[in-house]
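The residues making up each chain are set out below.
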Amino acid sequence: MKRKRVIEMFQLLIVEDEKIEREYLKSIIEEANVPISNIFTASNGEEAICICKENDCDIIFLDIEMPLKNGLDALKEIRKIERKESICFVLSSYSTFQYAQQAIQLHVEDFILKPSSKNNIIEHVVKACNELLVRKNSDLQMNALVNKINTIFPILEKQLAMSILLGKSDIEIQKQFKLQNLFMKSGICFLFDIHTEVTIILNIKNNLEDQGYSCLCVDFEPYQVMFIIASFVLNQEDIERLKEKIDRFTKNYSYGSIATNNQLLLESYKNADEMMKKNCAKEKSGGSCQESILLLFELYERNNEDELKNEIQKIIRCIIQKENYKKESGKEYLVRVIEAIKEELKKRYPNYKFREDEFLMTKITEMDLNYQFNNLFYDITTKKMQGLDHITKETIKYVKHNYMNQISLQDVADQLQITPSYLSRILNKQLKKSFTDIINEYRVQAAKQLIKNGVVLKEVAHQTGFRSQSYFTQIFKKATGISPRDYQNLF
């Protein structure tokens, strides 16, 4: 069965203050056999800007002399809001183009002298469509190449890290260094618990690579291994600075000796392994347990549902493993978890009555522990919501149902029949957050779920109400610590 060829369709905007001229241009394009799906019309620059805010216009026919805002002034604003740059043709009645320099700066494709023939208009539309197809094919090829590189390099990194850990020959390791264009003067091994959050490892890696280091990461039971490679000779001061950077993300790690050649990287791993085992043997005070519970509550307060679920699973796995391996009774560790929860609840929600007996009576199974943790946070949320006033509750409800649209503080204020400034003060008092923070939290959570479901990033930004791809990336990275593309690569 033959596959049907999908014809790429484009959207076109005609900006012309003369109605007869506007309708004439529209009728010519509608009757022509060109791949245009929608034709928008505007009678002045202000209307054109509004249309471009709501729609992706691929091609624009733009008159210069218009009321309210002339064509080139409008185009200047349109260029700022476009998600992708449109192909623009300027319509002019003048044979001397005093606007030429400004038009060039705004990437105008061509001038069309009015009145123009039907064939001339169609030729320009066809020219624009062909150019857009070339652009799209070029973008697809570039994206395919980037995706291929992004896929291959992590595999090569893991292979190199495994070669070091398995004690492969110096020649083999050197060959893999050259393949990745890595130059090593020295290096060091850092070890993290195998259950450390993937985003934490990725954040550390990105942070260090921004500082000029190269990082080779691989899972090697019972650790997540990171070889940090430097193009200069590391000293103790450099190691202290590395530790400071890693401490921002986690304190649950160990590190080895400085390696001045490829073969010594394996020795660095062995040193780090010894340090990790000593740390585990010393760990009786429950510091790592308290750290996990602290992270748990921080994720909850940031409304980060996916990461919260992951952290709960991590703690549950730890309890069950301790029960299974008898290194420490799972029940004993659960008591420490409960003590850490009680301590955190006193700091954050002093009026909340924690039913610790229910936790203590639970069985050491994934299902029962999951129930207790989820019930705890559901109960806290219920109590918190009861303490909120009517305005805040209604605002949260409105955002929850409308975050995918372009809503504003004014929209909610109008709905509640109060002033925006009053609403802003209420939200800051009740939630310690601005309206923008609240809506962005909902959008980021929805975006994460869509990315997990395999929705393309451009569509994710659109479906979650972000006004542009760049703004989506900025807010997502601020909330999660990684870009949408890096988050997508986790799945």
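Residues numbered from 1 in each chain as written. Predicted model: local features only at pLDDT ≥ 70, side-chain atom pairs only at ≥ 80, totals over all residues. Heavy atoms only, no water.

## Considerations on the packing of helix α15 (residues 390-402) against helix α16 (residues 409-416)
Working step 1: Where α15 contacts α16, the two axes come as close as 11 Å, and the packing angle between them is 125 degrees. In terms of axis orientation, α15 runs oblique to α16. Helix-helix and strand crossings are classified by hand; for α15 and α16 the assignment is right-handed. On α16, the residues that touch I391, E394, T395 and Y398 of α15 are D411, V412, Q415 and L416.
Working step 2: Residue composition of the contact of α15 with α16, by class: 4 nonpolar, 2 polar and 2 charged. (Axes fitted to C-alpha atoms, helices over the stretch in contact; angles between N-to-C directions. Helix = DSSP H or I, 4+ residues; strand = E, 2+ residues; numbered from the N terminus. Parallel < 35°, antiparallel > 145°, perpendicular 65-115°, else oblique. Left-handed = near helix turned anticlockwise from the far one by under 90°. Contact = heavy atoms within 4.5 Å. Nonpolar A, V, L, I, M, F, W, Y, C, P; charged D, E, K, R; others polar.)

## Observations regarding the pattern of salt bridges
Working step 1: Under the defined criterion, the tally for this structure stands at 19 salt bridges.
Working step 2: The partner of E344 in a salt bridge is R348, and the shortest N-O contact between them spans 2.9 Å. One end of the pair, E344, and the other, R348, are both in helix α12 (residues 330-348), 4 residues apart, so they sit about a helical turn from each other.
Working step 3: E344 sits in the buried class, given a relative accessible area of 7%. (Salt bridge = Lys/Arg side-chain N within 4 Å of Asp/Glu carboxyl O. Buried < 20%, exposed > 50% of the residue type's maximum accessible area, 1.4 Å probe, protein only.)

## Section: the side chain of K245
Working step 1: Along the chain, K245 turns up in helix α8 (residues 236-247).
Working step 2: Buried and unpaired, K245 has E244 as its nearest opposite-charge partner, separated by 6.8 Å.
Working step 3: Beyond its immediate sequence surroundings of up to four residues, K245 is in contact with N207, L208 and Q211. (Lys, Arg positive; Asp, Glu negative; His and termini not counted.)

## Regarding the nonpolar core
The tendency in soluble globular proteins is for nonpolar side chains to be buried as a group.
Working step 1: The biggest cluster of nonpolar side chains holds 27 residues, and the ones touching the most others in it are V337, I341, F373, F377 and I380.
Working step 2: When contributions to this core are tallied by element, the ones reaching two or more residues are α10 (287-301), α11 (305-325), α12 and α14 (366-386). (Core = buried A, V, L, I, M, F, W, Y, C linked by side-chain atoms within 4.5 Å.)

## So, unusual backbone geometry
Working step 1: Despite not being glycine, N181 has its phi angle at roughly 60 degrees, a positive value.
Working step 2: Classification of N181 as exposed rests on a relative accessible area of 71%.
Working step 3: A positive phi is found at Q417, a non-glycine position, where the angle reads about 60 degrees.
Working step 4: Tracing the backbone through its elements, the reader meets Q417 in the loop between α16 and α17 (420-431).

## Considerations on the sheet that holds strand β7 (residues 214-220)
Working step 1: If you trace the 4 strands from one edge of the open sheet to the other, you get β7-β8-β6-β9, paired in antiparallel fashion. Pairing within the sheet leaves two strands with one partner each, and these edge strands are β7 and β9 (253-255). Between one strand and the next, the sheet's axes are offset by a mean angle of 20 degrees, whatever the strand orientation.
Working step 2: Pairing of strand β6 (residues 186-193) with strand β8 (residues 223-230), which is carried by 8 bridges, proceeds in the antiparallel orientation. In the strand pairing of β8, D193 is matched with Y223.
Working step 3: Together, β6, β8 and β9 form the strand contacts of α8, whose direction differs from that of β6 by roughly 30 degrees. (Pairing = 2+ DSSP bridges.)

## Topic: the environment of Y213
Working step 1: One can find Y213 in the loop between α7 (198-210) and β7.
Working step 2: With a relative accessible area of 11%, Y213 lands in the buried category.

## Brief notes about the environment of K363
Working step 1: Mapped onto the fold, K363 is located in the loop between α13 (356-361) and α14.
Working step 2: Taking the relative accessible area as the measure of exposure, K363 reaches 60% and is therefore exposed.
Working step 3: For the pair K363 and I173, spaced 190 residues apart in sequence, the C-alpha to C-alpha distance is 49 Å.
Working step 4: If near-sequence neighbours (up to four positions away) are discounted, K363 is found in contact with D368 and L369.

## A look at the pairing of β8
Working step 1: Extensive coverage of β8 is indicated by the burial of 8 of its 8 residues.
Working step 2: Side chains of β8 alternate between two faces, with Y223, V225, F227 and I229 and Q224, M226, I228 and A230 buried alike.
Working step 3: Judged from the 7 bridges that link them, β7 and β8 form a sheet pairing that is antiparallel. Pairing of F220 across the sheet is with Y223, part of β8.
Working step 4: The hairpin formed by β7 and β8 contains 2 residues between the paired strands.

## Examining the sheet that holds strand β4 (residues 87-92)
Working step 1: Across the sheet, 5 strands lie side by side as β2-β1-β3-β4-β5; this open sheet has parallel pairing. Looking along the sheet, the strands with just one partner apiece sit at the ends: β2 (36-42) and β5 (108-113). Across the sheet, the mean angle separating the axes of adjacent strands is 20 degrees when strand polarity is ignored.
Working step 2: Pairing of strand β1 (residues 10-15) with strand β3 (residues 59-63) involves 4 bridges; the strand directions are parallel. Its bridge partner lying in β3, V15 is registered against L62.
Working step 3: In the packing of helix α2 (residues 45-54) onto the sheet, contacts are made with β1, β2 and β3, and the angle to β2 comes to roughly 145 degrees.
Working step 4: This element, helix α3 (residues 71-81), spans β3, β4 and β5 of the sheet and lies at about 150 degrees to β3.

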